[in-house]
Amino acid sequence: MEPTTEQVSQYTDLDKMSINDILVNINNEDKTVPLAVEKCLDKIGALATAVLEKMKAGGRLFYIGAGTSGRLGVVDASECPPTFGVSHDWVVGIIAGGDTAIRKAVEFAEDDAEQAWKDLQEYNITENDVIVGIAASGTTPYVLGGLKAANEKGLVTGCVVCNSGSPIGKEAKYPVEVVVGPEFLTGSTRMKAGTAQKLVLNMLTTSVMIGLGKVKGNLMVDMQLTNHKLYNRGVNMIMKVTGKDEQTATELLKLHGGIRQAIQAVQGQYTE
């Protein structure tokens, strides 16, 4: 059976459509993605629970992928430190072809079934680490080979794919298969498939970081204050939680160096 990601678009003569028709049709297809993700919540929850358990034991989360899928893993991993104040090695995105492939495609990099495990070994992988493969097709050799090697070592493995019954889905211990159907532009999995993968990755790391205590209430109390916008957001968080005025909240943030620490100094309710 042909993978749904490779099936012909339900739309014809795209090159004869007006810009508005193109946008409306893409938007109509995009609306179906959250519904496809909804059908996978149990599977996403199982993967998140497994990741949380390992990270509480000192493990790390590694994404491996190629092309769009690899880039999405890198994006999600790179956003965890500024959002949750964690070390850059807590969540790591590895893309076939190395960092060069983030901006420029590296030919045939995804076809090397041995390279992912070689790339992972540079991080001194331990039994508490989790390897999650990201591949829209569910067949990428780089990802499949990496998961096979990880399973042989007894590691927890997961995947985010967009076809059911794929080789990668079968290899992963915690598979998430978000079937979004044919793309508007035939085979262009950077569209619905990529959107689905991004939604799942958002859910995965956000739920895990909440479980690790990196969020209090609904606030990113450990976020890194790397620009004026974020600094002002931090001041507003302190004002909201403590009831202090802006000047006092600003002084508290300067004194204690972080949102959590400033709030804790006032109320003692936000533990380390």
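Look above for the structure.
Given the structure is predicted, the values throughout are model-derived calculations rather than measurements.

(A) Summary view of the overall build of the protein chain. Of the regular secondary structure elements, the protein chain holds 12 helices and 5 strands. Dimensions of the protein chain, computed from C-alpha atoms along their principal axes, come out at roughly 60 × 50 × 35 Å. In the protein chain, which comprises 272 residues, the proportion classed as buried is 45%. Within the protein chain, counting contacts between residues at least 6 apart in sequence, those at least 24 apart form 67% of the total. Just so you have it, the protein chain exposes about 13700 Å², and 50% of that area is on carbon and sulfur atoms. Charged side chains in the protein chain number 26 positive and 32 negative. The centres of these two groups are separated by 5 Å.

(B) A look at the sheet that holds strand 1 (residues 61-65). Across the sheet, 5 strands lie side by side as 2-1-3-4-5; this open sheet has parallel pairing. Among the strands making up the open sheet, the edge pair consists of strand 2 (91-95) and strand 5 (174-177). Here the strands of the sheet are splayed against their neighbours by 15° on average, with no regard to which way each runs. Relative to strand 5, strand 4 (residues 156-161) runs parallel, the two being bridged by 4 bridges. By the bridge assignment, Val161 is partnered in strand 5 with Glu177. Against the sheet, helix 3 (residues 41-56) makes contact with strand 1, strand 2, strand 3 (130-135), strand 4 and strand 5, and its axis sits at roughly 140° relative to strand 5, the strand it touches most. The sheet contacts of helix 9 (residues 192-211) involve strand 1, strand 2, strand 3, strand 4 and strand 5, and relative to strand 1 the element is tilted by about 170°.

What counts, and at which threshold
- Position labels on residues start from 1 in each chain and follow its written sequence.
- Restriction of local features to residues with pLDDT of at least 70 applies here, the model being predicted, together with a cutoff of 80 or more for giving and counting side-chain atom pairs; totals for whole chains, interfaces and linings are based on all residues.
- Note that water and hydrogens are dropped before the side-chain values are worked out from all heavy atoms of the structure.
- Under the DSSP-based scheme used, a helix requires at least four consecutive residues in state H or I and a strand at least two consecutive residues in state E, with every element numbered from the N terminus.
- In this scheme, a residue with accessible area under 20% of its type's maximum is buried, one over 50% is exposed, and one in between is partly exposed, where area comes from a 1.4 Å probe on protein chains only.
- It only takes one pair of heavy atoms within 4.5 Å for two residues to be counted as in contact.
- In short, Shrake-Rupley with a 1.4 Å probe defines the accessible areas, and a residue's cover is counted only from the protein chains shown.
- Under the convention used here, Asp and Glu are negative, Lys and Arg are positive, and both His and the chain ends fall outside the count.
- A charge is said to be at NZ when it belongs to Lys, at CZ for Arg, at CG for Asp and at CD for Glu.
- The pairing criterion is simple: DSSP has to find at least two bridges between the two strands.
- All axes are obtained by fitting lines to C-alpha atoms, using only the stretch in contact for helices, and the reported angles, taken between N-to-C directions, cover 0 to 180 degrees.

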